[in-house]
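Below are the chains, spelled out letter by letter.
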Amino acid sequence: MPENTAIAGATEVEGHHEHPPYQRHHFETMGQQNDATNFAMWLFLLTEIMFFGGLFTAYLIYRNWYYPAFVQGSHQLSIFWGTLNTAVLITSSFTMAMGVWCAEMRKKSALVLCLVLTFVLGLVFLGIKSIEYHEKWEKHHVPGLRYNLDSFLNPASDHEVYQEYHDKPLPLDMARHTELYFFLYFAMTGMHALHMIIGIGILTFMIIQAQRGAYTTGHVTFVENFGLYWHFVDIIWIFLFPLLYLISRHAN
Amino acid sequence: MSNHAETEHHIVSPKLYVVIFLSLLCLTGLTVAASYVEMYSFNVVVALGIAIVKAMLVVLFFMHVKYSSKLTKLTVFSGLFTFMVLIFMTLADYISRAWGRW
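Please read all numbers here as calculations on a predicted model, not as lab measurements. (Residues numbered from 1 in each chain as written. Chains lettered and ligands numbered in written order. Predicted model: local features only at pLDDT ≥ 70, side-chain atom pairs only at ≥ 80, totals over all residues. Heavy atoms only, no water.)

### Some words on the overall build of chain A
Thinking step 1. Check the secondary structure of chain A and you find ten helices and two strands.
Thinking step 2. Going residue by residue from the N terminus, the α and β elements of chain A occur as α-α-α-α-α-β-β-α-α-α-α-α.
Thinking step 3. Whereas a compact globule of 252 residues would reach a radius of gyration of roughly 18 Å, chain A reaches 24 Å, over 25% beyond that.
Thinking step 4. Counting only C-alpha atoms and orienting by the principal axes, one finds that chain A spans roughly 80 × 35 × 30 Å.
Thinking step 5. Across the 252 residues of chain A, 52% fall into the buried class.
Thinking step 6. Here the analysis covers contacts within chain A between residues at least 6 apart in sequence; of these, 77% occur between residues at least 24 apart. (Helix = DSSP H or I, 4+ residues; strand = E, 2+ residues; numbered from the N terminus. Rg over C-alpha atoms; globule rule 2.2 N^0.38 Å. Buried < 20%, exposed > 50% of the residue type's maximum accessible area, 1.4 Å probe, protein only. Contact = heavy atoms within 4.5 Å.)

### Some remarks on the confidence of the model for chain A
Thinking step 1. Put simply, chain A has an average pLDDT of 91, and 92% of its residues get 70 or more.
Thinking step 2. Across residues 1–14 of chain A, where pLDDT falls below 50, the model places three contacts with residues more than four positions away in sequence or in other chains. (pLDDT = per-residue confidence, 0-100.)

### With respect to the nonpolar core
Thinking step 1. Membership of the largest hydrophobic core comes to 96 residues, with the highest contact counts inside it found for Phe-62 and Met-63 of chain B.
Thinking step 2. For this core, the element with the most residues is helix α10 (residues 221–246) of chain A, which contributes 17 residues.
Thinking step 3. Residues from two domains meet in this core; each of domain 1 (1–68) and domain 2 (69–102) of chain B gives at least three.
Thinking step 4. Beyond its immediate chain neighbours, meaning those up to four positions away, Phe-62 of chain B contacts Ser-93, Phe-94, Ala-97 and His-231 of chain A together with Tyr-17, Ile-20, Phe-21, Leu-24 and Leu-57 of chain B. (Core = buried A, V, L, I, M, F, W, Y, C linked by side-chain atoms within 4.5 Å. Domains from an automatic or database assignment.)

### Describing the pattern of salt bridges
Thinking step 1. Under the counting rule described, the total for this entry stands at five salt bridges over all chains.
Thinking step 2. Across the pair Lys-139 of chain A and Asp-158 of chain A runs a salt bridge, and its minimum N-O distance is 3.1 Å. Linking Lys-139 of chain A in the loop between α5 (108–138) and β1 (141–142) with Asp-158 of chain A in the loop between α6 (150–153) and α7 (159–165), this pair joins segments that are 19 residues apart in sequence.
Thinking step 3. Lys-139 of chain A gets classed as partly exposed once you look at its relative accessible area, which sits at 26%.
Thinking step 4. Exposure remark for Asp-158 of chain A: the relative accessible area of 9% places this residue in the buried category.
Thinking step 5. Its salt-bridge partner being Asp-93 of chain B, residue Arg-97 of chain B comes within 3.1 Å of it at the nearest N-O pair. Remark: Asp-93 of chain B and Arg-97 of chain B occur in helix α3 (residues 70–97); sequence separation between them is four residues, near one turn of the helix. (Salt bridge = Lys/Arg side-chain N within 4 Å of Asp/Glu carboxyl O.)

Written as structure tokens, this is what we have:
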């Protein structure tokens, strides 16, 4: 190994123009390396679009098939928590974007602050999500595990929701399909939350690295690409929120 | 490769980030408010329309696509296009299976 680096070092002095230590040897310029990495990150995000795309398509089709069940299932969600979580996630996207700017400007402590804020807001999002999940558990609305049709066969028994929506009782066959709504609810928000957990894990690593000054040397690729991932997760939520929480409010 | 046009690294200013952030919050408020107004089938259209505008703001500015290379723009577009194929081909199948038997 030391031999190899010595040779690489020697050729560099002879032939190549000088380049920063973080430029990979097979790239001609930093610009080329940045373009290639950016392209690769977007290709990964495309696979993510298609991954969530399958869930969105399933939601679209089942919502059309079992419309009344999906409407009443949706009435069980709290618009308050959903809105608050949307605001939290958008704010975390903003702090992440500011983090990228700080890295570009080589502001080390500001970058650490932005990353920590993003990390904390990510945790707040998951905290609120777990409050919502807990409520589903309490009300026996966890498909396959702990499910009860009372809220849909006899909506008046579910006081809080009934006061808001005055839903009519669903026939048994349709009421059973509310389980499908909650299945998709948990699958979509759960996969989204998993992406958040992975993101928070990477953020932990990044905060340590940023403190050591790893991203404020002019090489911002890692922060930038993580930013793309984080914003992507934000976009998924931007669509989940209206589809799961909002659009069924007036549908009866 | 020397004639390969590399993108100049454009740094988006914090001011613009703040503007986008505030617009996203406003649009969130708007979409919640709109859901409380009875618009029949237009509730879905309005909610998804606002979501698309929000997503576009995030993609163009937070994700820097507005300032990115043509390659990146094409990549993003092809992703959306493939997603649209997924949606429309699937729907075309479901709609036409029971054709005339609704």
